Every structure is written in structure tokens, then in C-alpha cells.
Amino acid sequence: MSKKVSYLTGINVLVELLNTDEMTGGGLFISQNKTENDLVRGIVKNKGPGFLLPFPKNHEDDVAVLLNEVHNSPIYLPLDVQIGDTVYFPKGSMEPIILDGKQYHVVPYPAIKIFTRDENR
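All values derive from a computational prediction rather than experimental measurement.

## As for the nonpolar core
Nonpolar side chains in soluble globular proteins tend to end up buried together.
And step 1. Core analysis: the biggest nonpolar cluster contains 13 residues, and V13, V81, V87, F89, V107 and I112 have the highest contact counts within it.
And step 2. The set of elements that each furnish at least two residues to this core consists of β1 (12-17), β4 (39-47) and β7 (86-90).
And step 3. Setting aside residues no more than four positions away along its own chain, F89 makes contact with V15, L17, D38, L39, V40, G42, M94, V107, A111 and I112.

## Re the pairing of strand β9 (residues 102-108)
And step 1. Relative to β9, β1 runs antiparallel, the two being bridged by 4 bridges. Across the sheet, the residue bridging to L14 is V106, located in β9.
And step 2. As defined by bridge partners, strand β8 (residues 95-99) adjoins β9 across 5 bridges and the pair is classed as antiparallel. From the neighbouring strand, I98 faces β9, where its bridge partner is Q103.
And step 3. What sits between the antiparallel neighbours β8 and β9 is a turn of 2 residues, in which D100 has the positive phi angle 50°.

## Re the layout of surface pockets
And step 1. Looking at the largest pocket, its volume works out to about 320 Å³.
And step 2. Lining the largest pocket are 15 residues, and of these V5, S6, L14, L99 and D100 lie nearest its centre.
And step 3. Taken together, the elements giving at least two residues each to the lining of the largest pocket come down to β4, β8 and β9.
And step 4. The element contributing the most residues to the lining of the largest pocket is β9, with 3 residues.
And step 5. Here the residues of the lining of the largest pocket are counted per class, giving 8 nonpolar, 2 polar and 5 charged.

## Focus: the pairing of β4
Every other side chain in a regular strand lies on the same face of the sheet, so the side chains alternate between the two faces.
And step 1. Here 5 bridges tie β1 to β4, and the two strands are oriented antiparallel to one another. Looking across to β4, one finds that L17 is bridged to G42.
And step 2. Two strands pair when backbone bridges link them, and β4 and β7 are joined in this way by 5 bridges, in the antiparallel orientation. Across the sheet, residue L39 finds its bridge partner in β7, namely P90.

## Some points on the environment of V81
And step 1. Here V81 shows up in the loop between β6 (75-77) and β7.
And step 2. Between the C-alpha atom of V81 and that of N46, which follows or precedes it by 35 residues, the distance is 9.6 Å.
And step 3. Leave out the neighbours within four places in its chain, and V81 touches V13, V44, K47, V87, Y109, I112, F115 and R117.

Reading guide: rules and limits
- Residues numbered from 1 in each chain as written.
- Predicted model: local features only at pLDDT ≥ 70, side-chain atom pairs only at ≥ 80, totals over all residues.
- Heavy atoms only, no water.
- Core = buried A, V, L, I, M, F, W, Y, C linked by side-chain atoms within 4.5 Å.
- Buried < 20%, exposed > 50% of the residue type's maximum accessible area, 1.4 Å probe, protein only.
- Helix = DSSP H or I, 4+ residues; strand = E, 2+ residues; numbered from the N terminus.
- Contact = heavy atoms within 4.5 Å.
- Pairing = 2+ DSSP bridges.
- 1 Å grid on protein atoms, 1.4 Å probe; cavity = no way out; pocket = protein on both sides within 12 Å on 5 of 7 lines; lining within 4 Å.
- Points joined across faces, edges and corners; volume = space filled by probe spheres on them.
- Nonpolar A, V, L, I, M, F, W, Y, C, P; charged D, E, K, R; others polar.

So, in C-alpha cells, the structure goes:
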């Protein structure tokens, strides 16, 4: 049996939310009741290829010279975030999705307000 592989398109980022609820000393969870505009955080699990750039018309095209590439396949400007980064984004910008029985969220890259990265990675 073959295993399915999931790919993200364009500037989408697949995020696993980090627990935003707080636990009291007695073991009760208290929800922070976030509004649509409050920031939530998650870990980047996958990302799309980035921003699609126009095809170079010829070898003199600025994009082709910049990327040192001229070919007939799409050219993407990669996203800044990397797999494993912690990202912060408005709660209202995420779309839930279940992959392999696990819940994730798809977040459009422009919705990400800030991200952090472990410098030792």
C-alpha cells in the first residue's frame, strides 16, 4: 500500500497549535477565550513553495538574472519561515484540517505576524 503525501500550495503554512490554555494548581484547564484577532502560536510542520514569480521572458530578465535561472518550470520566492519555527498569527486566520488523524491548521503566510527560531538548529 502506498503512503499519501500532502503538499501545500503557494504561500500556505501548515501549523500544529501549541496549547494556549493554562492549568491551575488543581489540574483544571482555564481557556483564554481568544477573539478572532488575538494571536495564537503554533509550530510550522510544513510549508508551500512560496510566492510564484513570473516566468522570465529571456536571459536578460531581472528575475532570471537574480535567480541565475532560465527554464520553463515555475519559479518561487521561498517563505522566510522554516519547519520547526514557532509562529504567531490571529486566531481568525487559520483553517482547521485533519491529516493522518491529527489536527493541524493551514495559515496563509501574510497572516503570520512574527516567528521565532531556535538558533541551534
